[in-house]
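Examining the three-dimensional arrangement
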Amino acid sequence: MGLSARKARKHLSADALFRRVRARCDEVPDPRSLEPAIPLGDALMSAFAMFSLKDPSLLAFDQRRQDPNDNFRTIYGIDHVPCDTQMRAILDPVAPDHLQPLFGDIFRCLQRGKALEPFVYLDGHYLLSLDGTTYFSSTKDHCPSCLDKHHRGGGVTYSHQLLGATLVHPDLKEVIPLAPEPIINQDGHTKNDCERNATRRWLQHFRQEHPHLPVIVIEDGLSANAPHLRDLRAARVHYIIGVKPGDHAFLFQHLRDADEAGRTQHLTQVDPATGILHHFRFHHGVPLNESNLDELVNVLEYWEIHADGSVQYFSWITDFVLTPDNVYAIMRGGRARWKIENETFNTLKNQGYHLEHNYGHGEHNLSVVLVLLMMLAFLVDQTQQLCCPLFQAAWKKLRTKRHLWEQIRHCFGDFRFDSMTDLLTALVRGIVRQPPVLANST
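The paragraphs below set out a description of the structure included in this document. This structure is a prediction, so every number in the text was calculated from the model and none was measured.

1. Observations concerning helix α11 (residues 339-350)
- Those residues of α11 that sit buried are Lys339, Ile340, Thr344, Phe345, Thr347 and Leu348. Angular distribution of buried residues about the axis of α11 spans 155 degrees; they occupy a single face of the element.
- At its buried positions, α11 is contacted by β2 (125-138), β4 (156-168) and α12 (366-387).
- In the stretch just after α11, Gly352 is the one whose phi turns positive, near 105 degrees.

The structure is reproduced here in C-alpha cells:
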C-alpha cells in the first residue's frame, strides 16, 4: 500500500496538531501558587492524551504510565505524566474558558489548509448544528457546578450538560466540532443554567472568535422561540429550525389559511433513480406565534413519498427567502441536524470516547475541563479522518474505529515511536516479527 500520506498537509497531521495543542496548554494560567512538581501543561496534555488514546478510565491511563517506552514524550510532548489523583487535583481549579481557544487554533489550521471547503453548503455558508446533551447523571455523586433536579416524591438527580456546536454537511461523514458551551450552575445564581442561556453565551463567544464566518444554524423545535430568533439575528447568522404542528398550532393554522386562500407555493419533484416523490409547500411572512405577531418567519413543509406509499413529513422555519430553486437544499440542510446526535454525541458515547463515563468531579471545574479536552481529542481525530491519508489507510485496513483505537493503544504500549505518523505507518505496513529483546535483569 503506497503511503501518499507523505504528501498530505503536514500542518494538519496529528503530530502538528499535538504540538499546537501542547503549546496552547503551556499558555493556560496555572492557579497553583507554589512551584509545581508537574507543570500544568503536562497535566492538561496528559488528559488530552488519555482521550486521544481512548483509555476507558483514569485508572487505565494511570496504568499506562508504567509503560517503559518514551512515547508520552515523543508523541505528546509530555515530560511528567501525573497519576490519576494528581491529575484530578491539578485540573480541578483550571478555568474552562482558557481551554476554548484550543478549538479556534485547530479551526484556523483547517481554514488555512482549505480543508473546510467541502463543508460549504448554501450561498457560501456552513451548516452549524446546535444541540444540548447530558454527559453525566447521578442521584449520589455531584459537585457544586452540577445541575440539580428535585423530584416530587423526594430525591435529587444531579447532572452535567453541555451545548455542542458542530459543522456538518449532508454528504460528509466527518463533523467539525467548535468549542462547546458548558451548561452548569453559575456562581451566584440560585436557578439552574439552561440550554437557552448557554446558547446565548455560545453565540456571543462564537462571533468574538469567528467574526466573519458565514453559517446557517440548524436546530430542533425547542429553539423555535422569539427570543432565540432575535439572538440569532444579533449574531448575524441564518437559521433553519424544525417545527411541529402540535407545538406551533398558531403558525400552522396561519399556514393552512394561506394555503386555502391560494397564497402558498408548491413544488413536486420525482427522483428518477429511486422513484421517491419530493413535495414542498412553502410560504413567507408567517407570524411565529400569537404572542409574537411581529416575529415573521418563512415556513417550509416537505413530504417524502415512497413507491410503497410510505410518507415522511418534515417542516422548518427559516429566514431564507424560499424559492423553487433552493427549497430542496434547505430541506437537506434542515435534515442534517441529526448529525450532531449521530456523528457527534453518539460517537462520543458509544465509539471509544466514553463521554458518559465519570472521569472525575472535583470541587470546581474538573468535569468540565475533562469534557472539553475529550471534545478537543475528537476534533483532532475528525481532522485526521478528513485530511490524513495515513489515518484513512490505517482505518481502512483495520475496518472499524474500535479496532483502530485498540491497535493504537497496543502499539503505544509495546513499542517506541518518534511520532504518531510512525505509529500509524506501523499499523498500515505492519511490524516485522522477531524475537523479543529482554530487559536487563541486573
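2. Digging into the environment of Leu370
- If you trace the backbone, Leu370 turns up in helix α12.
- Along the backbone, Leu370 and Phe48 are 322 residues apart, and their C-alpha atoms lie at a distance of 8.2 Å.
- In this structure Leu370 touches Ala47, Phe51, Leu91, Tyr359 and Gly360, once residues within four positions along its chain are discounted.

3. Notes on unusual backbone geometry
- Phi at Arg236 takes a positive value of approximately 60 degrees, unusual for a residue other than glycine.
- Residue position: Arg236 is located in the loop between α8 (226-234) and β8 (238-242).
- The exposed category is assigned to Arg236, whose relative accessible area is 53%.
- The phi dihedral of His354 falls on the positive side, at around 60 degrees, and the residue is not glycine.
- Within the secondary structure, His354 sits in the loop between α11 and α12.

4. Re the packing of helix α7 (residues 195-209) against α8
- Where α7 contacts α8, the two axes come as close as 10 Å, and the packing angle between them is 5 degrees. What the angle tells us is that α7 and α8 run roughly parallel. Facing Thr199, Arg200 and Leu203 of α7, the residues of α8 in contact are Pro227, His228, Asp231 and Leu232.
- When its residues are assigned to classes, the contact of α7 with α8 shows three nonpolar, two polar and two charged.

5. Focus: the pairing of strand β9 (residues 265-270)
- Relative to strand β10 (residues 277-289), β9 runs antiparallel, the two sharing six bridges. Residue pairing across strands places Gln265 opposite Phe282, the latter belonging to β10.
- Here β9 folds back onto β10, and the loop between the two strands holds six residues, one of which, Gly275, carries a positive phi near 80 degrees.

Rules of the game
Residues numbered from 1 in each chain as written. Predicted model: local features only at pLDDT ≥ 70, side-chain atom pairs only at ≥ 80, totals over all residues. Heavy atoms only, no water. Buried < 20%, exposed > 50% of the residue type's maximum accessible area, 1.4 Å probe, protein only. Helix = DSSP H or I, 4+ residues; strand = E, 2+ residues; numbered from the N terminus. Arc of directions from axis to C-beta. Contact = heavy atoms within 4.5 Å. Axes fitted to C-alpha atoms, helices over the stretch in contact; angles between N-to-C directions. Parallel < 35°, antiparallel > 145°, perpendicular 65-115°, else oblique. Nonpolar A, V, L, I, M, F, W, Y, C, P; charged D, E, K, R; others polar. Pairing = 2+ DSSP bridges.

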